[in-house]
Amino acid sequence: MGSLNKMNFITRLSAFCLRKSKMQQRHQSSRRPSAPLGSRILTDPSEVFEHNMWDHMQWSQEEEENAKEKVAENSLVKVQWEDQDKYEREASRYWNEFYKTHKNNFFKDRNWLFLEFPEILPEKGRERLKTEERSAELTKINSTNRFSYKNEMFEGGEKYLKKSYEDGSTSVQGDVYNKTQAKSLTDNPQGKNYGGEFHWLESFPGSDATFRILEVGCGAGNSVFPILKVLCNTPGTFLYCCDFASGAVELVKSHSSYNSAWCSAFVHDVCDDALPYPFPDEILDVILLVFVLSTIHPDRMQGVVNRLAKLLKPGGMLLFRDYGRYDTAQLRFKKGRCLSENFYVRGDGTRVYFFTKDEVWNMFSLAGLTEVQNLVDRRLQVNRKKKVKMQRVWIQSKFQKPLLLSPNNSAETIKRRP
């Protein structure tokens, strides 16, 4: 009997070790490498449900035609003009209701930001982050080899995959200063308004920083707090974040990780050119525009991009990620939800636009920025439990403000792409 128990124990131990080995491989493979847009390629269709996401998917002509047909069909019936006007005028109300309902539980923290956008950090910060990641990975491997592998490591890998895409995402933006708020901002000790021109004194939030970031449309802070976690160990850096939903900004400010020494969150409507920012133009090193521009009416997008470009210092970078044309989210809209071409309203009153990379290039180029990266990110997202496949399409771009704006690079001379 004792011999049988011993054999059973050895069998169970062997099975446990094998499971841990597989889990370790799976956990390690769940981290997308630093190469743009990942490198998990589906080469064998029979393995499609082995992972939650596959990168660099190529669409067949038939798939593209089917997507076009679905969009043409769901665009036939447009929302009535009076309702369209209501969604535009009351955009902040719909987003405030969204955050009142979901608080900070709807979106996952965007820990993938540093993989796709290392420019968020100054050079020294990037190097330190790489060192810490390598050290953390070695610690995990050594821990596993000592049979102290914990289940949360595997769970963390699964969660990481979920964080590396935006499912139903719109973090959004812009934000509303009413006229009273704008007046109080210009009258405060940080600056004075003379003849409509904003003059800055030496002190303003982040004035002592040497590297400054602005996230537009911060929502409940799903980008803010992963960034702050790194910035707190990076001297000389400062993060601004804004949203036109006052409820979203309150969620950020009330978070336990919010620290005014490293971050300034404020309410702002990026569509209103007359509203001042709490800092001067041309001081930002990075602007983060992630799933924000798609929530703004297409007629107002160019003005928003033009204004943001003025905030960048020469050499500064604008980092963009948003919905792409024929994403699953676009194909799922029913008739009667279309506002205009490729622009829709959801059931909760929030809106979304689906871009092409040429549209993105045109907007940022007309604002005087230079393309560094402009990619269509096509992925296959799968629900392994339900055996459902979804074609996701996003646009990911990086545009830089030239050190010197030459006549050949001015907005007037830039030709639109077809």
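As a reminder, the structure under discussion sits directly above these lines.
All of the points below concern the structure found in this document. Keep in mind it's a predicted model, so treat the numbers as computed, not measured.

1. What about the overall build of the protein?
In step 1: Tallying secondary structure elements over the protein gives 13 helices and 13 strands in all.
In step 2: Across the 418 residues of the protein, 49% fall into the buried class.
In step 3: Partitioning the contacts of the protein with sequence separation of at least 6, the portion at a separation of at least 24 is 78%.
In step 4: Total accessible area on the protein stands at roughly 21200 Å², and carbon and sulfur atoms take up 52% of it.

2. Regarding helix H13 (residues 357–366)
In step 1: Summarising burial for H13: seven of the 10 residues are buried, a large majority.
In step 2: Listing the buried residues of H13 in full gives Val-360, Trp-361, Asn-362, Met-363, Phe-364, Ser-365 and Leu-366.
In step 3: Backbone geometry just after H13 places Gly-368 at a positive phi near 90°.

3. Comments concerning the sheet that holds strand E10 (residues 343–345)
In step 1: Across the sheet, three strands lie side by side as E9-E10-E11; this open sheet has antiparallel pairing. With partners counted over all chains shown, the strands left at the sheet margins are strand E9 (338–340) and strand E11 (351–353), one partner each. Pairs of neighbouring strands in the sheet enclose a mean axial angle of 30°, with direction left out of account.
In step 2: The pairing of E10 with E11 spans three bridges and is antiparallel. Bridging from a neighbouring strand, Tyr-344 pairs with Val-352 of E11.

4. Some points on the sheet that holds strand E12 (residues 370–383)
In step 1: Judged by pairing direction, the sheet is mixed, and its eight strands sit side by side in the order E1-E12-E13-E8-E7-E4-E5-E6 without closing on themselves. The open sheet is flanked by strand E1 (53–54) and strand E6 (263–267), the only strands paired with a single partner.
In step 2: In terms of strand pairing, strand E8 (residues 312–323) meets strand E13 (residues 388–400) through seven bridges, oriented antiparallel. Following the sheet pairing, Asp-322 is matched in E13 by Ile-395.
In step 3: Against the sheet, helix H10 (residues 246–253) touches strand E5 (237–243) and E6, its axis set at about 160° to E6.
In step 4: Of the strands in this sheet, strand E7 (284–290), E8, E12 and E13 touch H13, which is tilted by about 20° from E13.

5. A short note on H10
In step 1: Considered for burial, the residues of H10 that qualify are Ala-248, Val-249 and Val-252. Buried residues in H10, looked at end-on, bunch into an arc of 100°, giving them a common side.
In step 2: Considering only its buried residues, H10 is in contact with helix H4 (91–102), helix H9 (224–231), E5 and E6.

6. Quick word on the pairing of E13
In step 1: The element E13 is largely enclosed, with a buried count of 10 among its 13 residues.
In step 2: Bridge count between E12 and E13: 13 bridges; the pairing is antiparallel. Considered in E13, the bridge of Leu-380 is made with Gln-391.

7. Side note on the packing of aromatic side chains
In step 1: The tally for this structure, following the rule as stated, stands at 18 aromatic pairs.
In step 2: With centroids separated by 6.4 Å and ring planes inclined at 80°, the aromatic side chains of Phe-266 and Phe-279 adopt a geometry described as edge-to-face. With Phe-266 in strand E6 and Phe-279 in the loop between E6 and E7, this residue pair connects regions lying 13 residues apart in the sequence. Both residues of the pair, Phe-266 and Phe-279, count as buried.

8. Observations regarding the nonpolar core
In step 1: Of all hydrophobic cores here, the largest spans 44 residues; its most connected members are Leu-214, Phe-279, Leu-293 and Leu-308.
In step 2: Every element with two or more residues in this core is listed here: strand E4 (211–216), E5, E7, helix H11 (298–311), E8, E10, H13 and E13.
In step 3: Ranked by residues supplied to this core, first place goes to H11 with six residues.
In step 4: In this structure Leu-214 touches Tyr-240, Cys-241, Cys-242, Phe-266, Tyr-277, Phe-279, Leu-284, Val-286, Ile-287, Leu-288, Leu-308 and Leu-311, once residues within four positions along its chain are discounted.
In step 5: Ranked by size, the runner-up nonpolar core spans 42 residues in total, among them Trp-59, Ile-120, Leu-228 and Ala-265.

How each quantity is defined
- Residues numbered from 1 in each chain as written.
- Predicted model: local features only at pLDDT ≥ 70, side-chain atom pairs only at ≥ 80, totals over all residues.
- Heavy atoms only, no water.
- Helix = DSSP H or I, 4+ residues; strand = E, 2+ residues; numbered from the N terminus.
- Buried < 20%, exposed > 50% of the residue type's maximum accessible area, 1.4 Å probe, protein only.
- Contact = heavy atoms within 4.5 Å.
- Areas by Shrake-Rupley, 256 points an atom, 1.4 Å probe, with all protein chains shown as cover.
- Pairing = 2+ DSSP bridges.
- Axes fitted to C-alpha atoms, helices over the stretch in contact; angles between N-to-C directions.
- Arc of directions from axis to C-beta.
- Phe/Tyr/Trp six-rings, centres within 6.5 Å; stacked < 30°, edge-to-face > 60°.
- Core = buried A, V, L, I, M, F, W, Y, C linked by side-chain atoms within 4.5 Å.

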